[in-house]
Amino acid sequence: VGLLCSESTLLYATPLGRENCGQADLQNGDVLCATSDKNEYVVYTCEPAASVEASALLPVLVHEVSKFPPASTSDVDLNGASTRGRDGAAALALQNPALAVKNGDNLAFLVQD
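Model, not experiment: these values are computed from the prediction. All residue numbers refer to positions counted from 1 along the written sequence of the respective chain. For a predicted model such as this one, the threshold for reporting local features is a pLDDT of at least 70, and the threshold for listing and counting side-chain atom pairs is 80 or more; totals across whole chains, interfaces and linings nevertheless cover every residue. Note that the side-chain values use all heavy atoms of the structure and ignore hydrogens as well as water.

**Observations concerning the packing of helix α3 (residues 85-95) against helix α5 (residues 104-112)**
When two helices pack together, their arrangement is given by the angle between the helix axes and by the axis-to-axis distance.
Part 1: Where α3 meets α5, the axes come as close as 9 Å, and the angle between the chain directions of the two elements is 105°. As far as their axial angle goes, α5 and α3 are roughly perpendicular. Along the contact surface, α3 presents G85, R86, A89, L92 and A93, while α5 presents D105, N106, F109 and Q112.
Part 2: Charged means Asp, Glu, Lys or Arg here, nonpolar means Ala, Val, Leu, Ile, Met, Phe, Trp, Tyr, Cys or Pro, and polar covers whatever is left, Gly included. Looking at the contact of α3 with α5, its residues break down into 4 nonpolar, 3 polar and 2 charged. The axes are straight lines fitted to the C-alpha atoms, using for helices just the contacting stretch, and the angles between their N-to-C directions are given from 0 to 180°. Secondary structure elements follow DSSP: runs of H or I no shorter than four residues count as helices, runs of E no shorter than two count as strands, and numbering proceeds from the N terminus. Orientation labels follow simple angle bins: below 35 degrees gives roughly parallel, above 145 gives roughly antiparallel, 65 to 115 gives roughly perpendicular, and whatever is left gives oblique. Contacts were defined at the residue level, with two residues in contact if any of their heavy atoms lie within 4.5 Å.

As structure tokens, this is what we get:
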């Protein structure tokens, strides 16, 4: 389990080097992690993800892996307001489409829908 896991965190991506995913981790059933093909990021699956339907994890996983190149999305704010969730992503798409394509949630909902 990654160092940033909490009771409300399902998954998260982090640049390799902050938390390293070694061969022993990959073989340990308690620690789920994967790297991009260039070993640029690690995705950690946190304990709460085990109790969530797989279909509900899809947008979270897409959001996190979209941080990898070539998409290189981020968590975008719109005028200081969060764009997390459907409402925030929809508002961002309407108000700033160019910025919406760089937002992880916008891409996640596009894939899910």
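**Concerning α5**
Structural remark: α-helix, 3.6 residues per turn; residues separated by three or four positions point the same way.
Part 1: Buried, partly exposed and exposed residues are distinguished by accessible area as a fraction of the type maximum, computed with a 1.4 Å probe on protein chains only: under 20%, between the cut-offs, and over 50%, respectively. Among all positions of α5, only G104, D105, N106, A108 and F109 are buried.
Part 2: In this fold, the buried residues of α5 make contact with α2 (54-65), α3 and α4 (97-100).

**Brief notes about the side chain of D105**
Part 1: With respect to the helices and strands, the residue D105 is situated in helix α5.
Part 2: For D105, a relative accessible area of 8% corresponds to the buried category.
Part 3: Residues within four places of D105 in sequence aside, it is in contact with H63, T83, R84, G85 and A89.

**Overview of the confidence of the model for the protein**
Part 1: Within a predicted model, pLDDT stands for the predictor's per-residue confidence, ranging from 0 to 100. Residues of the protein with pLDDT of at least 70 account for 76%, and the chain-wide mean is 80.
Part 2: At the low end of the mean pLDDT range in the protein sits helix α1 (residues 23-27), at 52; at the high end sits α4, at 95.

**Description of the pattern of salt bridges**
Part 1: Within this document, salt bridges are pairs made up of a side-chain nitrogen of Lys or Arg and a carboxyl oxygen of Asp or Glu, the two lying within 4 Å of each other. Overall, the coordinates contain 5 salt bridges when judged by the stated rule.
Part 2: Between K67 and D75 there is a salt bridge; the shortest N-O distance is 3.7 Å.
Part 3: A salt bridge links R86 to D113; the nearest nitrogen and oxygen atoms lie 2.9 Å apart. With R86 in helix α3 and D113 in the segment after α5, this pair connects stretches of sequence that are 27 residues apart.
Part 4: The class of D113 is exposed, set by a relative accessible area of 67%.

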